[in-house]
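Structural overview for review
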Amino acid sequence: TRGIGIHGPVLRSQRHALTPASFRCVLDHVSIPVRDVEASARFYLDVFAALGLREALRYERDGLPVVGLSGPDGFPHFWLGTATGAPLDEVHVAFTAADRLSVDRVHAAAIAAHAEILHLPRLWPEYHPTYYAVFLRDLDGNNVEAVCHV
């Protein structure tokens, strides 16, 4: 039978055959609306510093700040822009961690930032045998994750 895997459709019989080398991302970048770009940028930079997250680009759109954050590659894959209009729906974003220690460091930084921890760092074998992650809420209530696949 077929199901939706963490990176698209997979055969259920293949779910546990996934390896980090088999992951191939097709996303170039993601942008999320936030209430306060400056506060959110500080939150992400502080909490995900262990993953090498840093500010890569900043500009204004209609007089409001837009901030692009990057990992070690320097490319702004994650964007924060000012929310306008209706209330925000929850977004789920997962950032790749190099190792389990980095996930644990994100957890510690999230606690220091008084973030709500949704799920403590642990293995999630239902995703695949080496999926190790922490889940937390950002300042706008989004479900944000740091995940390691080794």
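A brief look at the structure comes next. All values reported here derive from a predicted model rather than from experimental measurement.

**Section: the sheet that holds strand 10 (residues 143–148)**
On the basis of which strands lie adjacent, the open sheet formed by 4 strands has the order 7-10-9-8 and mixed pairing. The two strands at the open ends of the sheet, each matched to only one other strand, are strand 7 (92–96) and strand 8 (117–123). Averaged over all neighbouring strand pairs, the angle between strand axes comes to 15°, with direction disregarded.

**Section: the packing of aromatic side chains**
Tallied over the full model, the rule gives 10 aromatic pairs. Grouped by ring-pair contacts, the aromatic residues Phe-43, Tyr-44, Phe-48, Phe-78 and Phe-95 constitute a single cluster. When the ring centre of Trp-124 is taken as reference, the NZ or CZ atom of Arg-122 above it lies at 3.3 Å.

**Digging into the side chain of Glu-145**
On the secondary structure map, Glu-145 appears in strand 10. Within the buried core, Glu-145 has no salt-bridge partner, and the shortest N-O distance to an opposite charge, that of Arg-122, equals 10 Å. Separated by 2.5 Å, the side chains of Glu-145 and Tyr-131 make a polar contact. Discounting chain neighbours no more than four positions away, the residues touching Glu-145 are Phe-48, His-92, Val-93, Ala-94, Phe-95, Tyr-131, Ala-133, Val-134 and Phe-135.

**Points about the nonpolar core**
Grouped together as the largest cluster of nonpolar side chains are 27 residues, with contacts concentrated most on Tyr-44, Phe-48, Phe-78, Leu-80, Phe-95, Val-106 and Leu-136. Listing elements by their share of this core, those giving two or more residues are strand 3 (30–34), helix 1 (37–47), strand 5 (64–70), strand 6 (76–82), strand 7, helix 2 (100–112), strand 9 (132–137) and strand 10. When residues in this core are grouped by element, the largest group, 5 residues, is from helix 1. Leu-80 has contacts with Ile-32, Val-34, Val-37, Ser-40, Ala-41, Tyr-44, Pro-65, Val-66, Val-67 and Leu-69, leaving out every residue within four places of it along the chain.

**Structural notes on the sheet that holds strand 5**
The strand order 3-6-5-4 describes an open sheet built from 4 strands, whose pairing is mixed. Of all strands in the sheet, those bounded by a partner on one side alone are strand 3 and strand 4 (54–61). On average, each strand axis in the sheet is inclined to that of its neighbour by 25°, with strand direction left out of account. Running over the sheet, helix 1 touches strand 3, strand 4, strand 5 and strand 6 and is turned about 150° from strand 6.

**Structural notes on the pattern of salt bridges**
Here the structure, examined in full by the defined rule, presents 6 salt bridges. Note that Glu-126 and Arg-122 form a salt bridge whose closest N and O atoms lie 3.9 Å from each other. A relative accessible area of 39% places Glu-126 in the partly exposed class. Looking at Arg-122, the relative accessible area reads 35%, which means it is partly exposed. By sharing partners, the salt bridges in this structure join Glu-38, Glu-55 and Arg-58 into a single network.

**Notes on helix 1**
Listed as buried for helix 1 are Val-37, Ala-39, Ser-40, Ala-41, Phe-43, Tyr-44 and Val-47. Among the residues of helix 1, the N-terminal cap falls to Asp-36, whose side-chain oxygen and the backbone nitrogen of Glu-38 are separated by 3.1 Å.

**Some thoughts on the pairing of strand 7**
Side chains of strand 7 alternate between two faces, with Val-93 and Phe-95 buried and His-92, Ala-94 and Thr-96 left unburied. Bridge count for strand 7 against strand 10 is 5 bridges, and the pairing is parallel. Its bridge partner being in strand 10, Thr-96 is matched across the sheet by Val-147.

**Quick look at the environment of Ala-98**
You can see Ala-98 is positioned in the loop between strand 7 and helix 2. C-alpha separation for the pair Ala-98 and His-149, spaced 51 residues apart in sequence, amounts to 8.1 Å. Among all residues touching Ala-98, those that are not within four sequence positions of it are Cys-148 and Val-150.

The rules we used
- Residues numbered from 1 in each chain as written.
- Predicted model: local features only at pLDDT ≥ 70, side-chain atom pairs only at ≥ 80, totals over all residues.
- Heavy atoms only, no water.
- Pairing = 2+ DSSP bridges.
- Helix = DSSP H or I, 4+ residues; strand = E, 2+ residues; numbered from the N terminus.
- Axes fitted to C-alpha atoms, helices over the stretch in contact; angles between N-to-C directions.
- Phe/Tyr/Trp six-rings, centres within 6.5 Å; stacked < 30°, edge-to-face > 60°.
- Lys NZ or Arg CZ within 6 Å of the ring centre and 35° of its normal.
- Buried < 20%, exposed > 50% of the residue type's maximum accessible area, 1.4 Å probe, protein only.
- Lys, Arg positive; Asp, Glu negative; His and termini not counted.
- Salt bridge = Lys/Arg side-chain N within 4 Å of Asp/Glu carboxyl O.
- Polar contact = N/O pair within 3.5 Å; in protein donor to acceptor, adjacent residues only side chain to side chain.
- Contact = heavy atoms within 4.5 Å.
- Core = buried A, V, L, I, M, F, W, Y, C linked by side-chain atoms within 4.5 Å.

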